[in-house]
Amino acid sequence: MAIQGPIPISFDQVFPHGCYLVGQVEQVKDFDASTNGRTVYAKDKTTGEPVWQVPVMDADPTVKASQKTVAVKILSATEPPLPPAVPGLPITPVEFVGMTVTPYVGQTGRLAYSLRATGMRPPRAKQAPAGKEAAA
């Protein structure tokens, strides 16, 4: 099979309605390598980069409440900076770059997905579809 490892995917495919930060960036612990009193942090098997994660809320109104919050793992040598807060908004919108998705079978026997990125930034302004003019 030609597909090996994580599958590249665009942010707009994963979060077509955008997403919002609902927590802080944390370095991912390697529970298998850690021992009592000694914490070992996870590194990506392919790149060797440290793995960080941040919880986000999917803005898609059709997603079930129990599936709204997901963790996106970020591969970065240093802690990824959060985008600046937007005045007047209680939560911060975010966009991820260099995204991949890895399907796996979860503990319940159902298909699940691991989302990874190489970075995050404030969302880009959405472009109007070609041939459409903004309302006056």
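Residues numbered from 1 in each chain as written. Predicted model: local features only at pLDDT ≥ 70, side-chain atom pairs only at ≥ 80, totals over all residues. Heavy atoms only, no water.

A short note on the confidence of the model for the protein
We count it as follows: On a scale of 0 to 100, pLDDT captures the predictor's confidence in every residue. Runs of H or I in DSSP of at least four residues are treated as helices and runs of E of at least two as strands, each being numbered from the N terminus.
Scored by pLDDT, the protein has a mean of 89; 91% of the residues are at 70 or more. When mean pLDDT is compared element by element in the protein, strand β4 (residues 51-58) scores highest at 97, while strand β7 (residues 100-105) scores lowest at 92.

Concerning the side chain of E95
Cut-off, in case you're wondering: Classification of residues uses two cut-offs on accessible area relative to the type maximum, computed with a 1.4 Å probe and protein chains only: under 20% is buried, over 50% is exposed, and between them is partly exposed. We define a polar contact as two N or O atoms separated by no more than 3.5 Å, with the added condition that, inside protein, one atom must be a possible hydrogen donor and the other a possible acceptor, whereas residues neighbouring each other in sequence contribute only through side-chain atom pairs. Throughout, a contact is declared for two residues whenever any of their heavy atoms are within 4.5 Å.
If you trace the backbone, E95 turns up in strand β6 (residues 92-97). On the basis of relative accessible area, E95 is assigned to the buried category, the value being 2%. A distance of 2.6 Å separates the side chain of E95 from the side chain of R121, its partner in a polar contact. Residue contacts for E95: discarding those within four places in its chain leaves F11, G119, M120, R121, P122, P123 and R124.

Some details on the pattern of salt bridges
Going by this rule: Salt bridges are defined as contacts in which a side-chain nitrogen from Lys or Arg sits within 4 Å of a carboxyl oxygen from Asp or Glu.
For the structure on display, the rule yields four salt bridges. Measuring nitrogen to oxygen at the nearest pair gives 2.8 Å for the salt bridge that ties R116 to D44. You can see R116 sitting in strand β8 (residues 111-117) and its partner D44 sitting in the loop between β3 (26-27) and β4, a full 72 residues away along the chain. Relative accessible area serves as the criterion here: at 12%, D44 is assigned to the buried category. Taken together, the salt bridges that share partners define one network made up of D12, E95, R121 and R124.

Thoughts on the nonpolar core
The test is simple: Residues enter a nonpolar core if they are buried and are Ala, Val, Leu, Ile, Met, Phe, Trp, Tyr or Cys, with the set joined through side-chain atoms within 4.5 Å.
By size, the foremost hydrophobic cluster in this structure holds 18 residues, and its most contacted members are F15, V54, V56, F96, M99 and M120. The set of elements that each furnish at least two residues to this core consists of α1 (11-14), β2 (19-21), β4, β5 (69-75), β6 and β8. Looking at this core, the element that brings in the most residues is β4, giving three residues. With residues up to four places along the chain from it excluded, the contact list for M99 reads I7, P8, I9, F11, V14, F15, L115, R116 and A117.

Quick look at the pairing of β5
Worth spelling out the cut-off: Paired strands are those between which DSSP finds at least two bridges.
Taken together, the seven bridges between β4 and β5 define a ladder with antiparallel strand orientation. Paired with M57 across the two strands is T69, which belongs to β5. When β5 meets β8, the two strands line up parallel, connected through three bridges. The partner of I74 across the bridge, within β8, is A117.

So, the packing of aromatic side chains
Applicable threshold: Here a Phe, Tyr or Trp ring, Trp counted by its six-membered ring, pairs with any other such ring whose centre lies within 6.5 Å, and the pair is stacked when the planes are under 30 degrees apart, edge-to-face when over 60, and tilted otherwise.
Counting across every chain of the model gives two aromatic pairs. Geometrically, the ring pair formed by F11 and F15 is tilted, given 5.6 Å between the ring centres and 40 degrees between the ring planes. Grouping residues by exposure puts F11 and F15 together as buried. Centre to centre, the rings of F11 and F96 are 6.4 Å apart; their planes meet at 45 degrees, and the pair counts as tilted. A residue pair is termed long-range when its members are at least 10 positions apart, and F11 in helix α1 and F96 in strand β6 qualify at 85 residues. A single burial state applies to F11 and to F96, both of which are buried. Among the aromatic residues, those joined into a ring-pair cluster are F11, F15 and F96.

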